[in-house]
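# Notes for the structure review
Read off the chains here:
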Amino acid sequence: MRTEHPEHALQHFIERVARRLDEQSDEAAIRRDVGALLADLVAHDDWLPASHAQPGADRYRQYLLHRDPQARFSVVSFVWGPGQATPIHDHTVWGLIGVLRGAELSQGYRFAGPSQLVPAGAPVRLERGAVDAVSPSVGDIHRVTNAFDDRTSISIHVYGADIGAVERSVYTEDGQRRSFVSGYSPLP
Ligand SMILES: [Fe+2]
């Protein structure tokens, strides 16, 4: 049962995450603890500013909600228009995904050879309120798709770095890698 005002939910989440990172450096424990905090945050869909919930006509949007002053973590709203998807990509740091609105599909991939990327299991459907994790230690390559082709879906992501500035990779189905730095979407 949440007692705080919706306007304070994000700020309280950020403070709790920062405190966890002050206390904890083990990645598995961080994923567990920050994942629990994220589950609490996305349990209520009444706090995300409308400015950070606007889909783009051409492709998905990623709006920065918070960058830790020491760049230990960042919080981003991912907004998927109907049917929109990411390329296959990695993260290189731990990441947590909490579905705030709608639903999404995450298809994991793994390298079966130096340049052969294959699906790792079936796609996972993340319903509203679900939390999922990525990282080099638990599976870092995936493609995310809006599960709906007639409405917007939104997920809140937390990463163990200023993710918009991290040099990482996108992949083609045949395993070709291209380096990319995602940046953040300008607010509409
Ligand atoms: Fe991702």
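In the block above lies the structure referred to throughout.
So, a few notes on the structure that sits alongside this text.

## Re the layout of surface pockets
- Space inside the largest pocket adds up to approximately 320 Å³.
- What lines the largest pocket is a set of 22 residues, among which Arg 59, Tyr 60, Gln 62, Phe 180 and Ser 182 lie closest to the centre.
- Broken down by secondary-structure element, the contributors of at least two residues to the lining of the largest pocket are β1 (61-67), β2 (74-80), β9 (141-146), β10 (153-159), β11 (168-171) and β12 (177-180).
- A breakdown of the residues in the lining of the largest pocket according to their chemical character gives 10 nonpolar, eight polar and four charged.

## Overview of the coordination of the iron ion
- Coordination of the iron ion by the protein comes from His 89 (NE2), His 91 (NE2) and His 142 (NE2), over a distance range of 2.1 Å.
- Along the chain, the residues that donate to the iron ion are spaced as H-x1-H-x50-H. Take His 89 and His 91: they sit in the same class, and that class is buried.

## Quick look at the environment of Ala 53
- By the secondary structure assignment, Ala 53 is in the loop between α2 (27-42) and β1.
- Classification of Ala 53 by relative accessible area gives buried; the value is 13%.
- Beyond its immediate chain neighbours, meaning those up to four positions away, Ala 53 contacts Leu 48, Tyr 63, Val 79, Arg 101 and Ile 154.

Reading the values: the criteria
Residues numbered from 1 in each chain as written. Predicted model: local features only at pLDDT ≥ 70, side-chain atom pairs only at ≥ 80, totals over all residues. Heavy atoms only, no water. 1 Å grid on protein atoms, 1.4 Å probe; cavity = no way out; pocket = protein on both sides within 12 Å on 5 of 7 lines; lining within 4 Å. Points joined across faces, edges and corners; volume = space filled by probe spheres on them. Helix = DSSP H or I, 4+ residues; strand = E, 2+ residues; numbered from the N terminus. Nonpolar A, V, L, I, M, F, W, Y, C, P; charged D, E, K, R; others polar. Donors = N, O, S within 2.8 Å, 3.2 Å for Na, K, Ca; no water. Buried < 20%, exposed > 50% of the residue type's maximum accessible area, 1.4 Å probe, protein only. Contact = heavy atoms within 4.5 Å.

Read these as spatial facts, not as claims about activity.
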